[in-house]
Amino acid sequence: MSKGTVVLAYSGGLDTSCILVWLKEQGYDVITFLANIGQDEDFKAAQKKAESLGAKKVFIEDLRSEFVEDFIWPTVQANAVYEDRYLLGTAVARPCIGRRQVEIARREGAQFVSHGATGKGNDQIRFELTCYALYPEVKIIAPWRIPEFYNRFRGRKDLMEYAQKHGIPVPVTPRAPWSMDANLMHIRWVGLVACFYVFQSHAPADLYQMTKNPEDSPNAPDVLEIEFRNGVPVKVTNEKEGKSKDSPLEIFSYLNEIGGNHGVGRIDIVENRFIGMKSRGIYETPGGTILLKAHLDIETFTMDKEVRRIKQGLGIKFSELVYNGFWYSPECDFVRHCIAKSQDNVEGKVQLSVFKGQVYILGRESPKSLYNEELVR
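Definitions and cut-offs
- Residues numbered from 1 in each chain as written.
- Predicted model: local features only at pLDDT ≥ 70, side-chain atom pairs only at ≥ 80, totals over all residues.
- Heavy atoms only, no water.
- Helix = DSSP H or I, 4+ residues; strand = E, 2+ residues; numbered from the N terminus.
- Rg over C-alpha atoms; globule rule 2.2 N^0.38 Å.
- Buried < 20%, exposed > 50% of the residue type's maximum accessible area, 1.4 Å probe, protein only.
- Contact = heavy atoms within 4.5 Å.
- Pairing = 2+ DSSP bridges.
- Axes fitted to C-alpha atoms, helices over the stretch in contact; angles between N-to-C directions.
- Salt bridge = Lys/Arg side-chain N within 4 Å of Asp/Glu carboxyl O.
- Patch = residues over 30% accessible without salt bridge, like charges linked within 9 Å, V, L, I, M, F, W, Y side chains within 5 Å.
- Areas by Shrake-Rupley, 256 points an atom, 1.4 Å probe, with all protein chains shown as cover.
- Core = buried A, V, L, I, M, F, W, Y, C linked by side-chain atoms within 4.5 Å.
- Disulfide = S-S within 2.5 Å.
- Expected span 1.5 Å × (residues − 1).

Draft legend 1. Examining the overall build of the protein chain more closely. Of regular secondary structure, the protein chain possesses 12 helices and 14 strands. Expected size for 377 residues packed as a compact globule is a radius of gyration near 21 Å; at 22 Å, the protein chain falls within 12% of this value. Taken along the three principal axes of its C-alpha coordinates, the protein chain extends 80 × 45 × 40 Å. The buried share among the 377 residues of the protein chain stands at 51%. Partitioning the intrachain contacts of the protein chain with sequence separation of at least 6 by distance along the chain shows that 71% fall at a separation of at least 24.

Draft legend 2. A look at the sheet that holds strand E10 (residues 243–245). Within the open sheet, the 5 strands sit side by side as E10-E9-E8-E13-E14. Their pairing is antiparallel. Each having just a single partner strand, E10 and strand E14 (358–365) make up the two edges of the open sheet. Averaged over all pairs of adjacent strands, the angle between strand axes in this sheet comes to 25°, irrespective of strand direction. Inspection of the sheet shows strand E9 (residues 232–238) paired to E10 by 3 bridges, in the antiparallel sense. Across the sheet, Asn238 pairs through a bridge with Lys243, a residue of E10.

Draft legend 3. Representation of the pattern of salt bridges. Using the criterion set out here, one finds 26 salt bridges in the structure. The salt bridge partner of Asp268 is Arg280, with a shortest N-O separation of 2.8 Å. Here Asp268, found in strand E11 (residues 266–272), pairs with Arg280, found in strand E12 (residues 278–284); they are 12 residues apart in sequence, far enough to count as distant. On the basis of relative accessibility, which here comes to 37%, the residue Asp268 falls in the partly exposed class. A single network of salt bridges, built from pairs that share partners, joins Glu61, Glu66, Asp70, Arg99, Arg100 and Glu103.

Draft legend 4. Representation of a nonpolar patch on the surface. Nonpolar side chains collect at one region of the surface, where Phe274, Ile275 and Met277 lie side by side and expose about 230 Å² of accessible area between them. Looking at the element boundaries, Met277 is found in the loop between E11 and E12. For Met277, a relative accessible area of 33% corresponds to the partly exposed category.

Draft legend 5. Spatial organisation of the nonpolar core. In terms of nonpolar packing, the biggest core is built from 70 residues, with Phe67, Trp73, Ile226, Phe318 and Leu352 touching the most fellow members. If one sorts the elements of this core by residue count, helix H4 (residues 89–108) sits on top with 8 residues. Every residue in contact with Ile226, bar those within four places of it in the chain, is listed here: Pro233, Lys235, Val236, Leu255, Ile290, Leu291, Ala294, Gly348, Lys349, Val350 and Leu352. The next biggest cluster of nonpolar side chains, apart from the first, holds 25 residues, and it includes Val6, Val21, Ala50 and Leu53.

Draft legend 6. How the structure looks around the state of the cysteines. Tallying each qualifying case throughout the model produces 0 disulfides. With no disulfide of its own, Cys131 lies closest to Cys96 among cysteine sulfurs, the gap being 13 Å. The buried category is assigned to Cys131, whose relative accessible area is 2%.

Draft legend 7. Representation of the sheet that holds strand E4 (residues 112–114) within the structure. Taken in spatial order, the 5 strands of this open sheet run E3-E2-E1-E4-E5, and their pairing is parallel. The open sheet is flanked by strand E3 (57–62) and strand E5 (139–141), the only strands paired with a single partner. The mean inter-strand angle of the sheet, taken between neighbouring strand axes irrespective of direction, is 25°. Sheet analysis places E4 next to E5, joined by 3 bridges and oriented parallel. Bridged to Phe112 within E5 is Lys139.

Draft legend 8. H4, seen in detail. Given a rise of 1.5 Å per residue, 20 residues ought to cover 28 Å, and the 29 Å separating the end C-alpha atoms of H4 matches this to within 8%. The buried count for H4 comes to 16 of 20 residues, which makes it a mostly enclosed element. One or two residues past the end of H4 sits Gly109, with phi positive at roughly 70°.

Shape is all these values report; function is a separate question.
Written out as structure tokens, the structure is:
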């Protein structure tokens, strides 16, 4: 008899494919769920793979628009940056993915959800707090924290042997020394070899995928005008190309394109994980970096000084809550609403230049400007 139905957050990779088969071995009916949040993925191939491995159902959900509107835009309003540098591209994606995973679990009558996050990272917490907040009765199966699983699979070699034994397609190319997490907002690179953990070792030049090396970027800038309303972008115009974008997904995708072409948004940092260890991460966040610069400018132009001072503190708190996985907590909901209220008058246009890895503010205008020329003269 089946132990019940589990909805597995599935990537199509080696780990979650092995988890799918392992869950079936344990007696569960497995539904797989793969979220399209802007990563470069062969979704049809992933669907066929899950079906061939015995998934009861396969859900592939396009979440790109809601990812931008419901999750990225609030981080723009907040000027959300964790520990002064990280723009939260992975952290803000997890509550988006988890929300849909829970919706599927409820709709399908699944008693369990599962994920492939390890016991050493933040993602296990982000996924699980989301699931418990939105589906308190659900039971979570985290294989990488179950002794029977992690004692059986102590490394990639064990996973490969298991995959070959159970007919799971395995990679035919050598494993890259870097692990990548990609979505519409960014790419995160984490090392899988010892040299990555020697923090003075430089990342190889060919690592980056979302951004050009600034040295190889165009020798002429792209001049953009970004229009904001209630603290979120509603239109972006490229003066040189005469192009305009006005839907949230188009705006963010276009800013990624322009920023990536000019090498904007690269950082190599050491951060403090919620679980109590330091880790190194290399990030590419081109569109998010442009929006942070532009939003800071229009916000300062239109917001009362004391309101902004309070809001800055709320932005730091919001960033910590999101990083730690508390998107759906009462305190994060409260902070988010306070930040949204602070954006009532954040309206106007910012002109900027994107060039050789940098974003330069050129000018701004707003019907809600608090600048008084007569007082300044």
